Amino acid sequence: MLRIDDLRVNYGGIEAVKGISIEVPEGEIVTLIGANGAGKSTTLRSVAGLVKPASGSIAFKGEDITANSPNSIVSKGITLVPEGRRVFPDLTVFENLKIGAYLRKDNLDKDINWVYELFPRLKERSWQAAGTLSGGEQQMLAVGRALMSRPKLMMMDEPSLGLAPLIVKGIFEIIKEINRQGVTILLIEQNANMALQIADTGYVLETGRLTMKGAGKALLSDEAVRKAYLG
Ligand SMILES: Nc1ncnc2c1ncn2[C@@H]1O[C@H](COP(=O)(O)OP(=O)(O)OP(=O)(O)O)[C@@H](O)[C@H]1O
Ligand SMILES: [Mg+2]
């Protein structure tokens, strides 16, 4: 579904991503793990059209989208739940969700209800200002808002960051459920343990280069991965 081929991204003179190739098959959960500064967010931001690659290509369903604008990429069915959640704090939960559907003009009730079914907590707090939600609730809202674009591929940048273990478990359950409902997932995580448990395929990124690829379960039991990422 998504094919990243020999992607290179520079910031000024610094090479953040040094020629990586990643495939995300339709229906799968693929995870990208790696230390701080490895280039994980940069990779997702390139796919979303938010940073321009120096070279390489990105194709979605066989179509080259490397030079496309962020809006055109969203309308093709790719969405990004960014690092750090970034909800609009002064708008209500409901308003934040509507913004997620900004490129669509059709009836949103069905999708709002879909999000409320996945996250009953958001329904309860529909009229609350997003900035007053707890961290876990804000993450739910960030995911819900991304779902409002009706994505085929949802990219998530560290959804578990800063959340308590029980909330993290809930977020991972929801990721699996969203995937079961037909959304392909590309997930970045520092919580490699949880991510590899739910992933069909995992990639390990080290300072801009891929060093390993394998089935999630296989990487989970790999000695080198255990040492470096699982403590
Ligand atoms: N806008 C930018 N300008 C300059 N350098 C940047 C910019 N964004 C990222 N970088 C650099 O690119 C490298 C990769 O950053 P990136 O955010 O992709 O890493 P990451 O794997 O997501 O890390 P983390 O786990 O800490 O989020 C880092 O060295 C970072 O300092
Ligand atoms: Mg990052």
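Everything below is about the structure shown above.
None of the values given here were measured: they were computed from a predicted structure.

A. Focus on the site of ligand 1. Every one of the 13 residues lining ligand 1 counts as a neighbour, but Tyr11, Ala16, Lys40, Ser41 and Thr42 are closest to it. For the shell around ligand 1, the leading source of residues is helix H1 (residues 40-47), giving 3 residues. By residue class, the composition of the shell around ligand 1 is 4 nonpolar, 7 polar and 2 charged.

B. Just the sheet that holds strand E7 (residues 153-157), in detail. The 6 strands are arranged E6-E7-E8-E3-E9-E10 in an open sheet whose pairing can be described as mixed. Pairing within the sheet leaves two strands with one partner each, and these edge strands are strand E6 (78-81) and strand E10 (209-215). Averaged over all neighbouring strand pairs, the angle between strand axes comes to 15 degrees, with direction disregarded. Its contacts with the sheet put H1 on strand E3 (29-33), E6, E7, strand E8 (184-189) and strand E9 (201-206), and the angle it makes with E7 is roughly 150 degrees.

C. Fine view of H1. Within H1, 8 of the 8 residues are buried, leaving the element largely enclosed by the surrounding structure. When H1 is considered as a whole, its buried residues turn out to be Lys40, Ser41, Thr42, Thr43, Leu44, Arg45, Ser46 and Val47. Looking one or two places after H1, you find Gly49, whose phi comes out positive at around 85 degrees.

D. View of the environment of Gly62. In this structure, Gly62 sits in the loop between strand E4 (55-60) and strand E5 (63-64). Gly62 sits in the exposed class, given 7 other C-beta atoms within 10 Å. The spacing of Gly62 and Ser46 is 16 residues in sequence and 17 Å in space, taken between C-alpha atoms.

E. Highlighting the pairing of E4. Here 5 bridges tie strand E1 (residues 2-11) to E4, and the two strands are oriented antiparallel to one another. The residue bridging Arg3 from the neighbouring strand is Ala59, located in E4. Relative to E5, E4 is paired through 2 bridges, and the arrangement is antiparallel. Paired with Phe60 across the two strands is Glu63, which belongs to E5. The loop that links E4 with its antiparallel partner E5 comprises 2 residues; one of these, Lys61, has a positive phi angle of about 50 degrees.

F. Expanded view of the sheet that holds E4. Pairing in this open sheet of 4 strands is antiparallel, and the strands run E2-E1-E4-E5 from one edge to the other. Both outer strands of the open sheet, strand E2 (14-24) and E5, are each paired with one neighbouring strand and no more. Bridging between E1 and E2 involves 8 bridges; their strand directions are antiparallel. Pairing of Leu7 across the sheet is with Ile20, part of E2. Those strands touched by H1 are E1, E2 and E4, and its axis lies near 115 degrees from that of E1.

G. The arrangement of the environment of Leu133 in detail. Looking at where Leu133 falls in the secondary structure, it is placed in the loop between helix H5 (120-124) and helix H6 (135-147). C-alpha separation for the pair Leu133 and Pro89, spaced 44 residues apart in sequence, amounts to 8.8 Å. Once you skip the residues sitting within four places of it in the chain, Leu133 turns out to touch Arg125, Gln128, Gln138 and Leu141.

Each value, and the rule that gives it
- Residues numbered from 1 in each chain as written.
- Chains lettered and ligands numbered in written order.
- Predicted model: local features only at pLDDT ≥ 70, side-chain atom pairs only at ≥ 80, totals over all residues.
- Near = placed C-beta within 6 Å.
- Helix = DSSP H or I, 4+ residues; strand = E, 2+ residues; numbered from the N terminus.
- Nonpolar A, V, L, I, M, F, W, Y, C, P; charged D, E, K, R; others polar.
- Pairing = 2+ DSSP bridges.
- Axes fitted to C-alpha atoms, helices over the stretch in contact; angles between N-to-C directions.
- Contact = placed C-beta atoms within 7 Å.
- Buried ≥ 20, exposed ≤ 12 C-beta atoms within 10 Å, placed from the backbone.

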